[in-house]
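Descriptive structure summary
The residues making up each chain are set out below.
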Amino acid sequence: MPLWSDMVVHEKWNALVCDPVDSVLIDGLKNRGLTVEYEPSITPDDLAASIGKFHVVVVRSRTKLTSSILSSASNLKIIARAGIGTDNIDTEYASRHGIFIVTAAGSSTHSVAELNISLMIMLARNLNSLVEKTRNGIWEKSPGTELYGKTAGIIGMGRIGFATARILSSMGMQVAAYDPVVNMEFIEKMHGEYHDLDTILSVSDVIFVLANLTDSGNGMLNAAHISRMKQGILIVNTSRSEFIKGSDLFEAMKSGKIGGYAADVFWHEPPVEPWEKELISMSNVMVTPHIGAQTYEAQKKVAEYTLNNLFKKMEEI
Ligand code: NAD
């Protein structure tokens, strides 16, 4: 329990919410006694100019908390990331300057896992293009791929990787994983197998990219890796586009080496480069606008987990 004197200190705290969030989050901050400013479309320049007066900053993925912006954050104690990935925050700078970071880890696990499965099935059965054709009056039967008995390779066996693996396994697929950290639950509950990256690339019929982005993951899948994949491989990426070298993926889509690519994340969101726009327009590419956590259930949990973790940290410091 916080001391009464601590509560008084926290009541004087100012919080800035930089990105669009559920009203549960704003109300929770206010109920805790914080003074809240809600600026869901604040620009980097305005953020740099105003961040100095805030003790708490809440961001989703739109706002980039770079070292240059954080260098103006003289009163900042906690960054609350209402989501999972922290790659939009200079975490090293924050830790060197005693700024704590809390997240809503785990809040969208099941929503993202369900999206992974939908994207895989849509790719395997060409649903994207068939639905578009029937909408345009074209009644054309074309065969897809049955997934039962096929091998799904998961790169990144964390919360979302495990939840996705559980569904894949119940569909009768073989699941193989690559992750520098072994998830014991995966091994115990599904007798899953870990392999090195090269093995995952060569044995998989579908590859899921579900890791959290660190420097070592940036560009980890390039033309050389793609050449070791099976012809017609399907790839689903709902974590971060930066894991894959975009120009190499584009070439492999054009040559037919990759049979289908589905992603909920993109190099520029929304796409900017001509190759990005051309990639998105391909009939065997499906890109959703970063909606992995966009379910009513996940959004509520994002708000609740962010508040819980923020208040816990406020009590500790
Ligand atoms: P997590 O931390 O539970 O799991 C990430 C796993 O990736 C860890 O086990 C880690 O060891 C592993 N990993 C890190 N670098 C790796 C590498 N180079 N190769 C292989 N494995 C590696 O995170 P999570 O909750 O499962 O979320 C995973 C990621 O999904 C998040 O970091 C975020 O980027 C993304 N995400 C996207 C959405 C969306 O809306 N599309 C929503 C939530 C999370």
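Thresholds, definitions, all that
Residues numbered from 1 in each chain as written. Predicted model: local features only at pLDDT ≥ 70, side-chain atom pairs only at ≥ 80, totals over all residues. Heavy atoms only, no water. Core = buried A, V, L, I, M, F, W, Y, C linked by side-chain atoms within 4.5 Å. Buried < 20%, exposed > 50% of the residue type's maximum accessible area, 1.4 Å probe, protein only. Helix = DSSP H or I, 4+ residues; strand = E, 2+ residues; numbered from the N terminus. Contact = heavy atoms within 4.5 Å. Near = heavy atom within 4 Å. Polar contact = N/O pair within 3.5 Å; in protein donor to acceptor, adjacent residues only side chain to side chain. Areas by Shrake-Rupley, 256 points an atom, 1.4 Å probe, with all protein chains shown as cover. Salt bridge = Lys/Arg side-chain N within 4 Å of Asp/Glu carboxyl O. Domains from an automatic or database assignment. Buried area = accessible area lost by both parts, 1.4 Å probe. Pairing = 2+ DSSP bridges. Axes fitted to C-alpha atoms, helices over the stretch in contact; angles between N-to-C directions.

Focus: the nonpolar core
Ranked by size, the top nonpolar core spans 29 residues in total, and within it Ile235, Ile244, Leu249, Tyr261 and Leu279 carry the most contacts. Elements with a minimum of two residues in this core: α10 (197-203), β9 (206-209), β10 (233-237), α12 (246-255) and β11 (258-263). Ranked by residue count, the leading element in this core is α12, at four residues. Apart from the residues lying within four places of it in its own chain, the contact partners of Leu279 are Leu249, Phe250, Met253, Phe266, Trp267 and Val285.

Some points on the site of the ligand
Neighbouring the ligand are 24 residues, the closest being Arg159, Ile160, Asp179, Asn212 and Asp264. Here an oxygen atom of the ligand sits 3.4 Å away from a polar atom, N or O, in the side chain of Arg240. Gly292 places a polar main-chain atom, nitrogen or oxygen, 3.3 Å from an oxygen atom of the ligand. Protein chains shield 88% of the accessible area of the ligand, which is 860 Å² for the free molecule.

Digging into the pattern of salt bridges
Here the structure, examined in full by the defined rule, presents 13 salt bridges. Asp205 is paired through a salt bridge with Lys230; the nearest N and O atoms lie 2.9 Å apart. Taken together, the positions of Asp205 in the loop between α10 and β9 and Lys230 in the loop between α11 (223-227) and β10 put the pair 25 residues apart, joining distant regions of the chain. In this structure, the salt-bridge partner of Lys254 is Glu251, at a minimum N-O distance of 3.4 Å. With Lys254 and Glu251 both in helix α12 and three residues apart, this pair spans about one turn of that helix. Owing to a relative accessible area of 44%, Lys254 belongs among the partly exposed residues under this scheme.

Points about the domain arrangement of the protein chain
Taken as a whole, the protein chain is organised into domain 1 (3-107 + 296-316) and domain 2 (109-287). For domain 1 and domain 2, the distance between their C-alpha centroids amounts to 32 Å. The interface is formed by eight residues belonging to domain 1 together with five residues belonging to domain 2. Each partner contributes to the roughly 530 Å² buried at the junction of domain 1 and domain 2, and carbon and sulfur atoms together form 42% of this total. Together, Asp87, Gly106 and Ala298 form the three largest contributors to the area buried by domain 1 at its contact with domain 2, with a combined 57%. If you look at where domain 1 meets domain 2, you find one salt bridge. Linking Arg240 and Asp87 is a salt bridge whose minimum nitrogen-to-oxygen distance equals 2.9 Å.

Concerning the sheet that holds strand β3 (residues 56-59)
What the five strands build is an open sheet, ordered β2-β1-β3-β4-β5; its pairing is parallel. Both outer strands of the open sheet, β2 (35-38) and β5 (100-102), are each paired with one neighbouring strand and no more. The sheet shows a mean angle of 20 degrees between the axes of neighbouring strands, taken without regard to direction. Relative to β2, strand β1 (residues 14-17) is paired through four bridges, and the arrangement is parallel. Across the sheet, residue Leu16 finds its bridge partner in β2, namely Glu37. Lying on the sheet, helix α2 (residues 23-31) is in contact with β1, β2 and β3; it crosses β2 at an angle near 155 degrees. Against the sheet, helix α14 (residues 296-316) makes contact with β3, β4 (78-81) and β5, and its axis sits at roughly 165 degrees relative to β4, the strand it touches most.

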